[in-house]
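The chain contents come next:
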Amino acid sequence: MKIATWNVNSLNVRIGHVLEWLDIANPDILTLQEIKQLDEAFPADAFKELGYHAISSGQKTYNGVAIITKDKPSDIVTDFPDLEDPQRRILTATINNNRIINLYVPNGQTVDSDKYIYKLSWLEALIKFLKQEQAKHKNIIILGDFNIAPEDRDVYDAEKWGEEVLCSPKERAALSDIIDLGFCDVFRQFEQVEKSFSWWDYRAAGFRRNAGVRIDLILASKDLAKNCIGSSIDKEPRTWERPSDHTPVIAEFDI
DNA sequence: ATGGTCGGGGACCGA
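Everything numeric here is computed off the predicted structure, so don't read it as measured data. (Residues numbered from 1 in each chain as written. Chains lettered and ligands numbered in written order. Predicted model: local features only at pLDDT ≥ 70, side-chain atom pairs only at ≥ 80, totals over all residues. Heavy atoms only, no water.)

A. Spotlight on the overall build of chain A. Within chain A, the regular secondary structure consists of seven helices and 14 strands. Since a compact globule built from 255 residues should have a radius of gyration of about 18 Å, the 17 Å found for chain A is in line with a globular shape. Its C-alpha atoms give chain A principal-axis dimensions of about 45 × 45 × 40 Å. The proportion of buried residues among the 255 residues of chain A is 56%. A sequence separation of at least 24 residues applies to 69% of the contacts in chain A between residues at least 6 apart. When the accessible surface of chain A is totalled, it reaches about 11,700 Å², and 46% of it is carbon and sulfur. Each charge sign in chain A was given a centre, from 31 positive and 41 negative side chains, and these centres are 1 Å apart. (Helix = DSSP H or I, 4+ residues; strand = E, 2+ residues; numbered from the N terminus. Rg over C-alpha atoms; globule rule 2.2 N^0.38 Å. Buried < 20%, exposed > 50% of the residue type's maximum accessible area, 1.4 Å probe, protein only. Contact = heavy atoms within 4.5 Å. Areas by Shrake-Rupley, 256 points an atom, 1.4 Å probe, with all protein chains shown as cover. Lys, Arg positive; Asp, Glu negative; His and termini not counted. Charge placed at Lys NZ, Arg CZ, Asp CG, Glu CD.)

Quick look at the structure:
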């Protein structure tokens, strides 16, 4: 089973890229973030033509998440039970007995902002939700745009970035709390080239200079992670015309 | 500095 995550920064603009990439990469499951469109605008038919089921939790202008999957999704959840939130940032479904949790974690802006406080409370609600999911499901994969760089090696210039948002101790502690529930960042189970990133700033030739960060993650529950046979970042779509600032992250499982 | 959205200019948001 091949599973992937991609923050597309507007599905309206990137639908061509996504269809092209599905054709090339042929994943069984693809989770999307920042689709920035309402459910009524979601192009489910275009995915259906390629043989995929497609579900979305959409929002106008901002946020919005979707799951594209060869096998039928069931038991769909779009909200945390304990967080009243109009922002569409989570989409959970069961696919082939695997619980797929697609996340678009809030950015947080700066560590002294209200958005940062929202990010931390959102992560707290996520952890509560994950505990509930673990009580119900054995095989869980959490993937998406975490907006957290796990370690300094996940940042192009960690010294310059310091403890700013994406790298602040509180965010990283929240990510550690998630991992400690019994998950593995599968990308790090395999040898990777140094300075592997999943996002590059559009500005100042970020991609050309490889001035990026690795914030798009795939976390698998421990038993599942044992069956992970590879994980990679596909930089190719970032080279295409009018790209998203993120590129797909992939994990392959022998299941 | 760049890109998307909404709206019809420029503010907001992203990481």
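So, next bit.
B. Region of interest: helix α1 (residues 11-25). Here α1 is 15 residues long, yet its end C-alpha atoms lie only 18 Å apart, well below the 21 Å a rise of 1.5 Å per residue gives. In α1, a bend of some 30° at histidine 17 exceeds every other bend along the element. Within the span of α1, buried status applies to Leu11, Arg14, His17, Val18, Trp21, Leu22 and Ala25. Packed against the buried residues of α1 are β1 (2-7), β2 (29-33), α2 (44-49), β4 (65-69), α7 (236-239) and β14 (249-253). At the N-terminal boundary of α1, the capping side chain belongs to serine 10, with an oxygen 3.4 Å from the backbone nitrogen of asparagine 12. Where α1 terminates, the next one or two residues include asparagine 26, which has phi positive at roughly 50°. (Expected span 1.5 Å × (residues − 1). Bend = angle between axes of the 7 residues up to and from the residue. Polar contact = N/O pair within 3.5 Å; in protein donor to acceptor, adjacent residues only side chain to side chain.)

C. Quick peek at empty space enclosed by the protein. This model, assessed by the stated rule, comprises one cavity of 30 Å³ or more. Of the voids in this model, the largest cavity is the one considered here, and its volume is about 50 Å³. Around the largest cavity, the lining residues are Thr78, Asp79, Phe80, Leu83, Asp85, Gln87, Arg88, Arg89, Ile90 and Trp122. Along the lines of polarity and charge, the residues of the lining of the largest cavity split into four nonpolar, two polar and four charged. (1 Å grid on protein atoms, 1.4 Å probe; cavity = no way out; pocket = protein on both sides within 12 Å on 5 of 7 lines; lining within 4 Å. Points joined across faces, edges and corners; volume = space filled by probe spheres on them. Nonpolar A, V, L, I, M, F, W, Y, C, P; charged D, E, K, R; others polar.)

D. Summary view of the protein's contact with DNA strand B. Among the 26 residues in the neighbourhood of DNA strand B, the closest are listed as Ser10, Glu34, Tyr104, Asn107 and His246. A share of 83% is what sugar and phosphate atoms reach among the atoms of DNA strand B within 4 Å of the protein. A distance of 3.0 Å separates a phosphate oxygen of DNA strand B from a polar atom in the side chain of arginine 14. It is α1 that contributes the most residues to the surface near DNA strand B, three residues altogether. Looking at the surface near DNA strand B, its residues break down into eight nonpolar, nine polar and nine charged. (Near = heavy atom within 4 Å.)

E. Spotlight on the sheet that holds strand β12 (residues 216-221). Strand order in this open sheet of six strands is β5-β6-β7-β8-β12-β9, and the pairing throughout is mixed. With partners counted over all chains shown, the strands left at the sheet margins are β5 (74-77) and β9 (183-185), one partner each. The mean inter-strand angle of the sheet, taken between neighbouring strand axes irrespective of direction, is 15°. Sheet topology note: the strand β8 (residues 140-145)/β12 ladder contains five bridges and is antiparallel. Note that in β12 the partner of glycine 144 across the bridge is leucine 217. Docked against the sheet, helix α3 (residues 114-136) engages β5, β6 (90-95), β7 (98-104), β8 and β9, running at close to 175° with respect to β7. Its contacts with the sheet place helix α5 (residues 169-180) against β8, β9 and β12, and it is angled at close to 30° to β12. (Pairing = 2+ DSSP bridges. Axes fitted to C-alpha atoms, helices over the stretch in contact; angles between N-to-C directions.)

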